[in-house]
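# Notes for the structure review
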Amino acid sequence: MLTTEKNRRLTEVGPGTPMGELLRRYWHPVAGIDELDHHPVKAVRLMGEDLVLFKDAEGAYGLVDRHCAHRRADLSYGFVEPGGLRCSYHGWQFDVSGRCVHQPFEEAADPQARAKCKVQLKAYRVQPKAGMLWAYMGPEPAPLLPDWEAFSWANGFVQVVFAEVPCNWLQAQENSIDPVHFEWMHANWGRRLRGASGHAPRHLRLGFEEFEFGFTYRRISEDTDEQHPLWTIGRVCLWPNGFFLGDHFEWRVPVDDTHMLSVTWSFIRVPQEAEPYVQRSIPSWTSPVKDAATGRWITSHVINQDIVAWVGQGPVMDRSQETLGASDRGIAMLRRRLFDDMDAVAQGLDPKGVIRDPERNRRVFLPSDSRDFFLHGLPRAEYERHPKWSKLLHHFIFHAGQPEAVQRACEEATGVAIRAMDVVDI
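A quick note: this is a predicted structure, and the numbers were derived from the prediction, not measured.

Counted by the stated rule, this structure contains 22 aromatic pairs. Taken together, the ring pairs in this structure connect Trp134, Phe151, Trp153, Phe244, Phe249, Trp251, Trp265, Phe267, Phe373, Phe374, Tyr383 and Trp389 into an aromatic cluster. Taking NZ or CZ as reference, lysine 42 lies 6.0 Å from the ring centre of phenylalanine 162, over its face. The side chain of arginine 218 reaches across the aromatic face of tryptophan 231, ending 4.1 Å from its centre.

This is how it looks when you write it as structure tokens:
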């Protein structure tokens, strides 16, 4: 249980707040690369700031204040040209650094163009990587955008899924270090949603350890032992707002104090018979979170089930009213590290997990309980018999609403048809 003041410190993300300043020391995935290939201007809201993301006609990416410095028109309705984004109201143009590079009438009135050099929009760095556009909103010099090893794996079909979730980012991130929820929210609840009875194997033992890029959690349940990879290797609560489960990443990107963007990067290994497979482009799509007919939260897929838990805690969870138990030791560790990192940032220091050395930032290793499978794959027949990986081969289990075009592309990559499912079986 936390005091109301400590809860506020953990959850407020706007400029100048302790948590907002901490999170601004990291890169965050904010859109799909293919989104701006189709529509080069997109309005975004990140950590309480209204911005516009764009790709200019020369292929450079920018992230600037959503409102024009002239008469505050909405730049998300601007249009791109070589050299930047042009406001549709009076034609002022801004480059990716937020600098005003053209003022059509003002330059006609003053051929020396003395006014534009005084005009500057708020602007942030953007980098493309692994099918996503990443934003850095902190002070210079910026750290390096992490080059996680999984981003370089070959022979896999990758897709990026976004979901807009109406709750604070932290209640989603705390889910990343809560192993017991798998037993109940996914295994047991999934059984009930399918009309089955009985209970999933119970958790018997948990372990939590901190490492350079976050925490690992390890678990033993009634159907595993100390030799099982879920105990010897575990899963990664990725710092500061991510989750790495071996086959996919999840990030919880704050939109503001009461909304977040859930981002999933999924790698589906193709069977060995489909090698070599080279993906030409990585598709991104947005998953629905509510059933359009009933208005209820979707419960059929893994992350949709998680969303039900996150939003059920309220727009901002009141941690002064919670009752922590023995399974919550990892959550307590996570919170202590967040408080420590906020203090470090206030003292002008780098927080946990920031990478600045280019030599260190080459295919950065993260623990994975199935790394050998992702590196080397399996023959199709063995793949289809595998108790875990066959489910990913036949279904996209993480988010509801996979578009038909993405499903077809995945089937072409793997040579295996995607099957419809009512409720995920894990």
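The next thing to look at is the pairing of strand S17 (residues 259-269). Regular strands show a simple pattern: their side chains alternate between the two faces of the sheet. Burial within S17 is extensive, with ten of its eleven residues counted as buried. Strand direction decides the pairing type here: strand S11 (residues 156-165) and S17, joined by ten bridges, are antiparallel. Along S17, the bridge assignment pairs glutamine 159 with serine 266. Connecting strand S16 (residues 248-256) to the next strand, S17, in antiparallel fashion are two residues.

What follows covers the sheet that holds strand S5 (residues 79-81). The sheet built from four strands is open, its strands ordered S5-S6-S7-S8 with antiparallel pairing. Across the chains shown, the open sheet's two edge strands, defined by having one partner strand only, are S5 and strand S8 (100-102). Both strand S6 (residues 84-86) and strand S7 (residues 93-94) contribute to a ladder of two bridges, which runs antiparallel. Its bridge partner lying in S7, leucine 85 is registered against phenylalanine 94.

The subject of this paragraph is the environment of alanine 154. Position of alanine 154 among the secondary structure elements: in the loop between strand S10 (132-136) and S11. Taking the C-alpha atoms as reference points, alanine 154 and arginine 99, 55 residues apart in sequence, are found 40 Å from one another. The residues contacting alanine 154, other than those within four sequence positions of it, are Phe267, Arg269 and Phe374.

Take helix H9 (residues 329-346) next. Look at H9: 26 Å from first C-alpha to last across 18 residues, which is about the 26 Å you get at 1.5 Å a residue. By the burial criterion, the buried members of H9 are Gly330, Ile331, Met333, Leu334, Arg335, Leu338, Phe339, Asp341, Met342, Ala344 and Val345. Against the buried residues of H9 lie helix H1 (4-11), helix H2 (18-23), helix H5 (169-174), strand S12 (203-211), strand S13 (214-221) and strand S14 (235-238). Backbone geometry just after H9 places glycine 348 at a positive phi near 85°.

Within strand S4 (residues 61-65), five of the five residues are buried, which leaves the element mostly enclosed by the surrounding structure. Sheet topology places strand S3 (residues 49-55) next to S4; five bridges connect them, and they run antiparallel. Paired with leucine 53 across the bridge in S4 is leucine 63.

What follows deals with the nonpolar core. Membership of the largest hydrophobic core comes to 103 residues, with the highest contact counts inside it found for Phe249, Trp251 and Trp265. Apart from residues no more than four positions distant in its own chain, tryptophan 251 is found in contact with Pro29, Met132, Trp134, Phe151, Leu238, Asn241, Gly242, Leu261, Ser262, Val263 and Trp265. Val64, Leu75, Phe94 and Leu121 belong to the second largest nonpolar core, which has 14 residues in total.

Running from amino to carboxyl end, H1 crosses H9 at an angle of 70°, the nearest separation of the two axes being 11 Å. When the axis of H1 is compared with that of H9, the two are roughly perpendicular. Within the contact between the two elements, H1 uses Lys6, Arg9 and Leu10 and H9 uses Arg335, Leu338, Phe339, Met342 and Asp343. Residues that form the contact of H1 with H9 fall into these classes: four nonpolar, no polar and four charged.

Within the span of H1, buried status applies to Asn7, Leu10 and Thr11. Within H1, the buried residues cover an arc of 85° as seen down the axis, which keeps them to one side. Residues of H1 that are buried sit in contact with H2, H5 and H9.

What follows covers the sheet that holds S11. Overall, mixed pairing links the eight strands, which are arranged S12-S13-S14-S15-S16-S17-S11-S18 in an open sheet. Edge positions in the sheet fall to S12 and strand S18 (284-286), since each of these pairs with one other strand and no more. Between one strand and the next, the sheet's axes are offset by a mean angle of 20°, whatever the strand orientation. In this structure, S13 lies alongside S14, joined through four bridges in antiparallel fashion. Note that in S14 the partner of glycine 214 across the bridge is leucine 238. Across the sheet, helix H6 (residues 180-193) touches S12, S13, S14 and strand S15 (242-244), and the angle it forms with S12 is around 120°. Across the sheet, helix H13 (residues 404-414) lies against S11, S17 and S18, angled at about 155° from S11, the strand it touches most.

Cut-off values and rules
Sequence positions are assigned chain by chain, starting from 1 and proceeding in written order. The predicted origin of the model limits local features to residues at a pLDDT of at least 70 and limits the giving and counting of side-chain atom pairs to 80 or more, whereas totals for whole chains, interfaces and linings rest on all residues. No hydrogens and no water enter the side-chain calculation; it runs on all heavy atoms of the structure. The criterion for an aromatic pair is that two Phe, Tyr or Trp rings (for Trp, the six-membered ring) have centres within 6.5 Å, with stacked assigned to planes under 30 degrees apart, edge-to-face to planes over 60 apart and tilted to the rest. Only lysine NZ and arginine CZ atoms are considered, and such an atom sits over a ring when it is within 6 Å of the ring centre and within 35 degrees of the ring normal. Each residue gets one of three labels from its accessible area relative to the maximum for its type: buried under 20%, exposed over 50%, partly exposed in between, using a 1.4 Å probe on protein chains only. Numbering of helices and strands starts at the N terminus; helices are DSSP runs of H or I of at least 4 residues and strands are runs of E of at least 2. Paired strands are those between which DSSP finds at least two bridges. The contact definition used throughout considers only heavy atoms, calling two residues in contact when any of these lie within 4.5 Å. Expected span, for any helix, means 1.5 Å times one less than how many residues it has. In plain words, nonpolar cores are sets of buried Ala, Val, Leu, Ile, Met, Phe, Trp, Tyr and Cys residues tied together by side-chain atoms within 4.5 Å. Here, axes are lines fitted to C-alpha atoms. For helices the fit covers the stretch in contact, and angles between N-to-C directions go from 0 to 180 degrees. An angle below 35 degrees is read as roughly parallel, one above 145 as roughly antiparallel, one from 65 to 115 as roughly perpendicular, and any other as oblique. Classes in brief: Ala, Val, Leu, Ile, Met, Phe, Trp, Tyr, Cys and Pro nonpolar; Asp, Glu, Lys and Arg charged; the others, Gly included, polar. For this quantity, the arc is that covered by the directions from the helix axis to the C-beta atoms.

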